[in-house]
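Survey of secondary and tertiary structure
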Amino acid sequence: MKSDLPAHVLPPDVDAIDGLLPSLAWLGSGLLGGPLSVAEASAGPRARRTILTREQVLLSRQALEDAAAPAGGLYRASVAHAVAHLLYSPLRQPARLLKPMSQAVVSAVEDARVERLLARRYPGVSGWFLDHLAPVPEAGNFSFEALLARMDRALADPGYADDNHWVNKARRLFEETQTRHGLGDAPAFRAIASILANDLGQMRVRFDPQHHVVPSPYRDDHSILWQHDDNEQDEQQAIAAPRSAPARAPAPPPQASDGTQPAREPAEVELSRTLHAEWHHRLALWRRDWCTVIEKLPALAPTALARAQPALSHSFSPVSLHRVRRLSRRQRLRRQWEGEDIDLNAAIEVLVDRRLDLQPEPRLFMRPGREAGTSRILVLLDLSESTNDPSGARGASLLDIEKQAAFLLAEATVHTQDRVAIHGFNSNTRAEVSYYRLLEWDDPLDGAARDRLASVPARHSTRLGAALRQATAHLQTQPGRHRGLLVVTDGAPSDVDVFEPDYLVEDARMAVQQAHRAGIRTFCLAVDAAADHYVRRIFGWRDHGIAADPSHLPVQLQRAYVRLAAG
């Protein structure tokens, strides 16, 4: 039965492909200026894209089927792209320095750079590449492969317009780097690719390295660009084996000794939902009911507790907190040698003594006394994804050190009249700002409190302004005049639905001003050596500190507490 598909969509004929190889070898040798072998990859359908070595180009039959394009045009573009890498790319770079997603983005930017360089030398090849770029994905598809395909087209086609912020940022950074450094500066383009990969991580775009395929079918699989320390095969062995390991079937859930399925780990407990406004600094406009703050209790999952409980062990030596005493206008110390006011009773006695020719008492001043009144301090922990990164302190993450520092502070205030609460936050767009209540002011510091603090996860982003407003609302319900908010964070406010860097910084600054008007003093301890420019802007020049070394966080947090509680 004859197919109704066009001839170029039908599976390619083996003899036809074999007939193209000699001419493609001549083409590659001419572009390269030296001998270049061209053959068909022996891995069959497992070779999804062209495989490139220093002396050979192995063309993929699967790429031809994916492209549904004439073999001659596609393979011509593949050979030209391979030559561009051999001429201009740094090969076998150490892969251990980059995460898999970063490797994919760096490779895509490198593809665009070397293609432009080759097009400068041979202007006609740019049309070969444009004809075989991956098609533009459907609107609303924000997968990693879709965004990469859109970026590829934006960097290759000057006439292409895209409405995605990340794609347009990639084009802007690429053009600025070309203007400033030139196309020959590969490290400069690798730097902007790292920025773009970090943005994708902040956007929480999912990347599956086991099944990732380069979007444009004429491009190679990038194996020649990277050297993996854990796979020291020679080039021929790498060609013979598939580049991506087969996906493993998920392991079945463990069974109990009696053969039954174990109970599922508990889920987080939602306590309430609150709507908060957000400040738009460019429009000078309050966006009413813009952010949804969801108060939660963390799930006390046994696996999470087993992993996180060691973080609360006392491996740091806390500073001893002396009882905080404050100047008090209500308690006046009379008959002082010096002071800011006259003690009227003492002055009258001096006049009487003079009339009686007696030696007057010289201590006739008054000054404020000190009181040990209670304070209510709320410690607000940043629980964003970045706090999971290793801190370099005994292999612990910053999240582990944050938890430990907060717990040590709570322990240090147990025998004082001051009270400490510990809350945490992260955000997944304005529709889901998670606010965890880990320890309240009057809660006992028992095993349950330790479990809540140990099991709270770190994920998503840092919408600081909404969390500050929620914390301020809690502090306003507390008695006393000495109320403070102590924020611990590791980076500037950010979220995946905000693309302007100053937007959330300005909103957080307004939230701090709202807290001050409510009689609540704020202080920020930033675990970020480069934090001065944004914490000073948000909290003011006096009310922030920087812990450049995460291992010093427990001691610095207690010192910040003393400063904040002393009023």
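So, how was this worked out
Residues numbered from 1 in each chain as written. Predicted model: local features only at pLDDT ≥ 70, side-chain atom pairs only at ≥ 80, totals over all residues. Heavy atoms only, no water. Helix = DSSP H or I, 4+ residues; strand = E, 2+ residues; numbered from the N terminus. Buried < 20%, exposed > 50% of the residue type's maximum accessible area, 1.4 Å probe, protein only. Contact = heavy atoms within 4.5 Å. Areas by Shrake-Rupley, 256 points an atom, 1.4 Å probe, with all protein chains shown as cover. Axes fitted to C-alpha atoms, helices over the stretch in contact; angles between N-to-C directions. Parallel < 35°, antiparallel > 145°, perpendicular 65-115°, else oblique. Left-handed = near helix turned anticlockwise from the far one by under 90°. Nonpolar A, V, L, I, M, F, W, Y, C, P; charged D, E, K, R; others polar. Expected span 1.5 Å × (residues − 1). Pairing = 2+ DSSP bridges. Salt bridge = Lys/Arg side-chain N within 4 Å of Asp/Glu carboxyl O. Arc of directions from axis to C-beta. Polar contact = N/O pair within 3.5 Å; in protein donor to acceptor, adjacent residues only side chain to side chain. Phe/Tyr/Trp six-rings, centres within 6.5 Å; stacked < 30°, edge-to-face > 60°. Lys NZ or Arg CZ within 6 Å of the ring centre and 35° of its normal. Core = buried A, V, L, I, M, F, W, Y, C linked by side-chain atoms within 4.5 Å. pLDDT = per-residue confidence, 0-100.

Some points on the overall build of the protein
Helices and strands together make up the secondary structure of the protein, namely 17 helices and 18 strands. The 567 residues of the protein split such that 49% are buried. Sequence-distant contacts, at least 24 apart, represent 70% of the contacts inside the protein between residues at least 6 apart. Taken as a whole, the protein presents about 28100 Å² of accessible surface, with 53% of it coming from carbon and sulfur.

Things to note about the packing of helix α12 (residues 398-412) against helix α17 (residues 553-565)
It is at 9 Å that the axes of α12 and α17 come closest, and there the two elements cross at 45°. Overall, the two elements α12 and α17 adopt an arrangement that is oblique. Viewed along their axes, α12 and α17 form a crossing whose handedness is right-handed. For the pair α12 and α17, contact is made by Ile401, Glu402, Ala405, Ala406, Leu408, Leu409 and Ala412 and by Leu553, Pro554, Leu557, Gln558 and Tyr561, respectively. Residues that form the contact of α12 with α17 fall into these classes: 10 nonpolar, 1 polar and 1 charged.

Details of helix α6 (residues 144-156)
Compared with an ideal rise of 1.5 Å per residue, which puts 13 residues at 18 Å, α6 spans 18 Å between its outermost C-alpha atoms and is within 8% of the ideal. The buried fraction of α6 amounts to 11 of the 13 residues, a majority that puts the element mostly inside the structure. Looking at the buried positions of α6, the neighbouring elements they touch are α4 (100-121), α7 (165-181) and α8 (186-202).

Side note on the sheet that holds strand β16 (residues 482-489)
Across the sheet, which stays open at both edges, the 8 strands sit in the order β6-β7-β15-β14-β11-β16-β17-β18 with mixed pairing between neighbours. Strands at the two margins of the open sheet, each flanked by one partner only, are β6 (269-280) and β18 (544-546). Neighbour-to-neighbour, the strand axes of this sheet turn through a mean angle of 25°, independent of strand direction. Pairing of strand β11 (residues 375-382) with β16 involves 7 bridges; the strand directions are parallel. Counterpart to Leu380 in the pairing with β16 is Val487. Running over the sheet, helix α15 (residues 503-517) touches β6, β7 (285-297) and β17 (521-526) and is turned about 105° from β6.

Some thoughts on the sheet that holds strand β3 (residues 56-59)
In spatial order, the strands read β1-β3-β2; together these 3 strands make up an open sheet with mixed pairing. Of all strands in the sheet, those bounded by a partner on one side alone are β1 (37-40) and β2 (51-52). Bridge count for β2 against β3 is 2 bridges, and the pairing is antiparallel. In the strand pairing of β3, Ile51 is matched with Leu58. Strand contacts of helix α3 (residues 71-88): β1, β2 and β3, with the helix running at about 145° to β3, the strand carrying the most contacts.

What about unusual backbone geometry?
The general pattern is negative phi for most residues beyond glycine and trans for most peptide bonds. The backbone of Thr429 sits at a positive phi, close to 70°, despite the residue not being glycine. Looking at the element boundaries, Thr429 is found in the loop between β14 (419-427) and β15 (433-439). Phi is positive for His460, which is not a glycine, with a value near 65°. Residue position: His460 is located in the loop between α13 (447-455) and α14 (464-476). Residue His460 is classed as partly exposed on the basis of its relative accessible area, which comes to 21%.

Focus: the pattern of salt bridges
With the rule as written, the count across this model stands at 28 salt bridges. Here Asp443 and Arg452 are joined by a salt bridge, their closest N and O atoms 3.7 Å apart. In this structure Asp443 comes out as partly exposed when scored by relative accessible area, which is 33%. Among the ionic pairs, Arg536 bridges to Asp532, the shortest N-O distance being 3.2 Å. Taken together, the positions of Arg536 and Asp532, both in helix α16 (residues 532-539) and 4 residues apart, correspond to about one turn of that helix.

Comments concerning helix α11 (residues 344-355)
For α11, with 12 residues, the first-to-last C-alpha span of 17 Å sits near the 16 Å given by 1.5 Å per residue. Buried within α11 are the following residues: Ala346, Val350 and Asp353. Mapping the buried residues of α11 onto a view down its axis gives an arc of 65°, with all of them on the same face. Exposed and oriented more than 90 degrees from the buried face of α11 are Leu344, Ile348, Leu351 and Arg355. N-cap assignment for α11: the residue whose side-chain oxygen lies 3.3 Å from the backbone N of Asn345 is Asp343.

Thoughts on the environment of Ala406
Its place among the elements puts Ala406 in helix α12. Judged by relative accessible area, which is 0%, Ala406 ranks as buried. Between the C-alpha atom of Ala406 and that of Leu380, which follows or precedes it by 26 residues, the distance is 9.2 Å. Those residues in contact with Ala406, other than ones at most four positions away along the chain, are Leu381, Ile422 and Leu557.

Here we look at the packing of aromatic side chains
Applying the stated criterion to the full structure yields 4 aromatic pairs. Ring plane angle 15° and centroid distance 5.5 Å describe the contact between Phe129 and Tyr218, whose orientation is recorded as stacked. With Phe129 in helix α5 (residues 125-131) and Tyr218 in the loop between α8 and β5 (226-227), the pair connects residues that are 89 residues apart, well separated along the chain. Of the two residues examined, Phe129 and Tyr218, each falls in the buried class. Across from the ring centre of Trp290, 3.7 Å away, lies the NZ or CZ of Arg430, which sits over that ring.

So, the nonpolar core
One broad rule of soluble globular proteins: the nonpolar side chains tend to lie buried together. Judged by nonpolar contacts, the single largest core of 63 residues is most densely connected at Phe144 and Met151. Looking at this core, the elements with two or more residues in it are α1 (14-32), β3, α3, α4, α5, α6, α7 and α8. Examining the composition of this core, we find that 11 residues originate from one element, α4, more than from any other.

Comments concerning the confidence of the model for the protein
The predicted model of the protein averages 80 in pLDDT, with 81% of residues at 70 or higher. The low-confidence segment residues 314-319, where pLDDT is below 50, has 14 contacts with residues more than four positions distant or belonging to other chains.

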